[in-house]
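Fold and contact review
Chain by chain, the residues run as shown.
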Amino acid sequence: MKLLVTGGAGFIGSNFILYWIKNHPEDTIVNFDKLTYAGNLENLKSVEKNKNYSFIQGDICDPKAVDKAMENINAVVHFAAESHVDRSIINPSDFVETNVLGTQVLLDMAVKHKVEKFHHISTDEVFGSLKLEDTNLFNERTNYNPRSPYSASKAGSDHLVRAYNTTYGLPITISNSSNNFGPYQFPEKFIPLAITNILENKKIPVYGDGLYVRDWLYVEDHCRAIDTILQKGKNGETYCVGGLTEDINNLEVVKKILNILGKHENMIEYVKDRPGHDRRYSLDWSKIKNELGWKPMHDFDEWLEKTVDWYKNNQDWWKNVKNGEYKRYYKRQYGSV
Ligand code: NAD
Ligand code: TDX
């Protein structure tokens, strides 16, 4: 099988490529990535010489480049996106362009080249926000209610993917996953930001009261879920992919990280809240478990500790990433914290 992976130089995309080459060495992978601030080919150093792997630097909004990359492709796995909520609040237009228009270009070319499968990576954020006291979880039948430019643009892309299935017969699947964590995550996201700030002896900015809840999924579990969907998923279906945490709030997450690194809670700094901050995400992953036999395997506490170790042992990786662009973004977002 020949796969086109978009956004393969980002956090989940690069973990997916490393996973796929290890588990399906007979397959060929073309990684198509624009290399925005979030794309980093260092993540793929260990496979760059593999004869079944190639890289194309390109923009999913560019029909000519996508047309060429799509030649002889059997399956598309679409990760490429602008992915950070805070940046979407600063500059929504990049999000609409890449996440909505870029996805539409990919879909057009997938129809043209008659690809056998188009798997779209989406997020639980399209469903909106749960209250802390809610007992219901998000599932595949939950109505869409995106509340940030990021989640609205992802919702737009999900709708387009389904529309190309019904209108043009493109074989598609979608996964809506919860918050991922693990190696190679860009340190603008909460967990790697907290870990690397502590390693630099800097404060950890916690938004609002810190009592916001996320469902944490170890990135390798996500990669295995995508593999399962590509092998066994049904055409046109959506699958929710969540982790093993039960309502851990951001403060508890930070305290766990501080504890692993032997640091004091006085490193926490409460900062101005994110506008429109979603209070809680929690995902019901029983459909993919019952229909396809996938379930998460990585316990949060154990794999948080391993993730902290990874950042401790790969300081060059994140110190290179916390560069000029990052410093400008950080100052704008957090001021002097
Ligand atoms: P990321 O920001 O780490 O990586 C995004 C990648 O896409 C980068 O390599 C970037 O260079 C590339 N890219 C951006 N714009 C592009 C364009 N126009 N053309 C080609 N490439 C482009 O993101 P991530 O955290 O790895 O997320 C990957 C996907 O998973 C996204 O679609 C995101 O919405 C989704 N998702 C992420 C999470 C999470 O917790 N990180 C959870 C659920 C879903
Ligand atoms: O500095 C911070 N302080 C803070 O309190 C940052 C960056 C975040 N937070 C809070 C906001 C959230 O409640 O931590 C929580 C997690 O924040 P992010 O890492 O920004 O993730 P989130 O907004 O939940 O979205 C993530 O999960 C779903 C990804 O960024 C998306 O790409 C994915 O779709």
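This write-up is about the structure you can find in this document. Everything quoted here is computed from the prediction, not taken from an experiment.

**With respect to the sheet that holds strand 3 (residues 53–57)**
Strand order in the open sheet formed by 7 strands is 3-2-1-4-5-6-11, with parallel pairing between adjacent strands. Two strands lie at the open edges of the sheet, namely strand 3 and strand 11 (238–241), each paired on one side alone. Geometrically, the sheet is characterised by an average inter-axis angle of 20° between neighbouring strands, direction not taken into account. Relative to strand 11, strand 6 (residues 172–177) is paired through 4 bridges, and the arrangement is parallel. Its bridge partner being in strand 11, Ser-175 is matched across the sheet by Tyr-239.

**Here's the deal with helix 1 (residues 11–23)**
Counted at 1.5 Å a residue, the expected span for helix 1 with its 13 residues is 18 Å, and the 19 Å between its end C-alpha atoms agrees. Of all 13 residues in helix 1, 10 are buried; the element is thus mostly enclosed. The set of residues buried in helix 1 consists of Phe-11, Ile-12, Gly-13, Ser-14, Asn-15, Phe-16, Ile-17, Tyr-19, Trp-20 and Ile-21. Against the buried residues of helix 1 lie strand 1 (2–6), strand 2 (28–33), strand 3, strand 4 (75–78), strand 7 (179–181) and helix 7 (219–232).

**Details of the site of ligand 2**
What surrounds ligand 2 is a group of 22 residues, the closest being Glu-125, Tyr-150, Arg-214, Arg-274 and Tyr-334. In this structure, Thr-123 approaches ligand 2 through a side-chain N or O atom, which is 2.8 Å from an oxygen atom. Arg-214 is positioned with one of its side-chain polar atoms (N or O) 2.7 Å from an oxygen atom of ligand 2. Out of a free accessible area of 650 Å², ligand 2 has 94% covered by protein chains. Listed by contribution, the elements that provide at least two residues to the shell around ligand 2 are helix 3 (85–90), helix 6 (190–199) and strand 8 (204–207). With 3 residues, the top contributor of residues to the shell around ligand 2 is strand 8. Its residues assigned to classes, the shell around ligand 2 comprises 10 nonpolar, 6 polar and 6 charged.

**Describing the pattern of salt bridges**
What the rule picks out here adds up to 16 salt bridges. The salt bridge partner of Asp-221 is Arg-224, with a shortest N-O separation of 2.6 Å. On the criterion of helical spacing, the pair formed by Asp-221 and Arg-224 is a turn pair, its members being 3 residues apart in helix 7. What makes Asp-221 buried here is its relative accessible area of 0%. Several salt bridges share partner residues, and in doing so they unite Arg-87, Glu-188, Lys-189 and Glu-325 into one network.

**What to know about unusual backbone geometry**
With a phi angle near 60°, Leu-35 is a residue other than glycine that sits in the positive phi range. Positive phi values are uncommon outside glycine, yet Lys-114 reaches one of about 50°. Examined against the element boundaries, Lys-114 turns out to sit in the loop between helix 4 (92–112) and strand 5 (117–123).

**Topic: the packing of helix 1 against helix 7**
As a packed pair, helix 1 and helix 7 sit with axes 9 Å apart at the nearest point and diverge in direction by 65°. Here helix 1 and helix 7 pass one another in a crossing that is right-handed. Here Phe-11, Ile-12, Asn-15, Phe-16, Tyr-19 and Trp-20 of helix 1 come into contact with helix 7, specifically with Val-219, Glu-220, His-222, Cys-223, Arg-224, Ile-226, Asp-227, Leu-230 and Gln-231. Class assignment for the residues of the contact of helix 1 with helix 7 results in 9 nonpolar, 3 polar and 3 charged.

Definitions and limits used
- Residues numbered from 1 in each chain as written.
- Chains lettered and ligands numbered in written order.
- Predicted model: local features only at pLDDT ≥ 70, side-chain atom pairs only at ≥ 80, totals over all residues.
- Heavy atoms only, no water.
- Pairing = 2+ DSSP bridges.
- Helix = DSSP H or I, 4+ residues; strand = E, 2+ residues; numbered from the N terminus.
- Axes fitted to C-alpha atoms, helices over the stretch in contact; angles between N-to-C directions.
- Expected span 1.5 Å × (residues − 1).
- Buried < 20%, exposed > 50% of the residue type's maximum accessible area, 1.4 Å probe, protein only.
- Contact = heavy atoms within 4.5 Å.
- Near = heavy atom within 4 Å.
- Polar contact = N/O pair within 3.5 Å; in protein donor to acceptor, adjacent residues only side chain to side chain.
- Areas by Shrake-Rupley, 256 points an atom, 1.4 Å probe, with all protein chains shown as cover.
- Nonpolar A, V, L, I, M, F, W, Y, C, P; charged D, E, K, R; others polar.
- Salt bridge = Lys/Arg side-chain N within 4 Å of Asp/Glu carboxyl O.
- Left-handed = near helix turned anticlockwise from the far one by under 90°.

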